[in-house]
Amino acid sequence: QVQLVESGGGLVQAGGSLRLSCAASGRTFSIYAINWFRQAPGKEREFVAAIRWSGGSTYYADSVKGRFTISRDNGKNTVYLQMNSLKPEDTAVYYCAAATTAIPRRYDYWGQGTQVTVSS
């Protein structure tokens with residue numbers, strides 16, 4: 001089992017920044033990648049960014065490229081999502097999810113989510 005705990009959400013004005021954290025515990029050696037998703041009220045969950053646990057390759061949704069940066073600290077078993085130039089449309093609950101295989105769109109563990117609210 002892998003446990004994931006997100007933190008760092010909050011209320012910020014448009015143009016501001018936040019850094020989210022996803023702390024992993026348990027069988028972290030089984031993690032293949034950590035993904036960030038978000039879900040706004042009334043909308044479907046959408047992919048935001050991902051990072052390979054080993055090697056560090058990163059992937060981003062087009063909507064956040066150039067504004068968000070995903071990184072990891074394997075020593076702390078933590079993945080970060082640095083969010084800059086935030087827009088009101090970034091408002092959502094942000095979740096991290098761990099994949100233990102390379103199977104596309106398969107996510108084995110989820111965190112509880114952290115709310116990000118961007119005011120205009």
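These notes cover the structure that comes with them.

Criteria and thresholds
Residues numbered from 1 in each chain as written. Predicted model: local features only at pLDDT ≥ 70, side-chain atom pairs only at ≥ 80, totals over all residues. Heavy atoms only, no water. Helix = DSSP H or I, 4+ residues; strand = E, 2+ residues; numbered from the N terminus. Rg over C-alpha atoms; globule rule 2.2 N^0.38 Å. Areas by Shrake-Rupley, 256 points an atom, 1.4 Å probe, with all protein chains shown as cover. Lys, Arg positive; Asp, Glu negative; His and termini not counted. Charge placed at Lys NZ, Arg CZ, Asp CG, Glu CD. Salt bridge = Lys/Arg side-chain N within 4 Å of Asp/Glu carboxyl O. Buried < 20%, exposed > 50% of the residue type's maximum accessible area, 1.4 Å probe, protein only.

## Quick notes on the overall build of the protein
Okay, so step 1: Across its full length, the protein carries 0 helices and 11 strands.
Okay, so step 2: Start at the N end of the protein and walk to the C end: the helices and strands fall as β-β-β-β-β-β-β-β-β-β-β.
Okay, so step 3: Here the C-alpha atoms of the protein give a radius of gyration of 13 Å, agreeing with the 14 Å that 2.2 N^0.38 yields for 120 residues.
Okay, so step 4: In terms of principal-axis extent, the alpha carbons of the protein reach across some 40 × 30 × 25 Å.
Okay, so step 5: Surface summary for the protein: the accessible area is close to 6200 Å², and the carbon and sulfur share equals 47%.
Okay, so step 6: Placing the 13 positive and 8 negative side-chain charges of the protein at their respective mean positions leaves the two points 5 Å apart.

## A short note on the pattern of salt bridges
Okay, so step 1: All told, the structure shown has 5 salt bridges when counted by the stated rule.
Okay, so step 2: Linking Arg38 and Asp90 is a salt bridge whose minimum nitrogen-to-oxygen distance equals 2.9 Å. A residue pair is termed long-range when its members are at least 10 positions apart, and Arg38 in strand E4 (residues 33-39) and Asp90 in the loop between strand E8 (78-83) and strand E9 (92-99) qualify at 52 residues.
Okay, so step 3: For Lys65, the salt bridge is made with Asp62, and the minimal N-O distance between the two is 3.2 Å.
Okay, so step 4: Lys65 gets classed as partly exposed once you look at its relative accessible area, which sits at 49%.
Okay, so step 5: Taking the relative accessible area as the measure of exposure, Asp62 reaches 64% and is therefore exposed.

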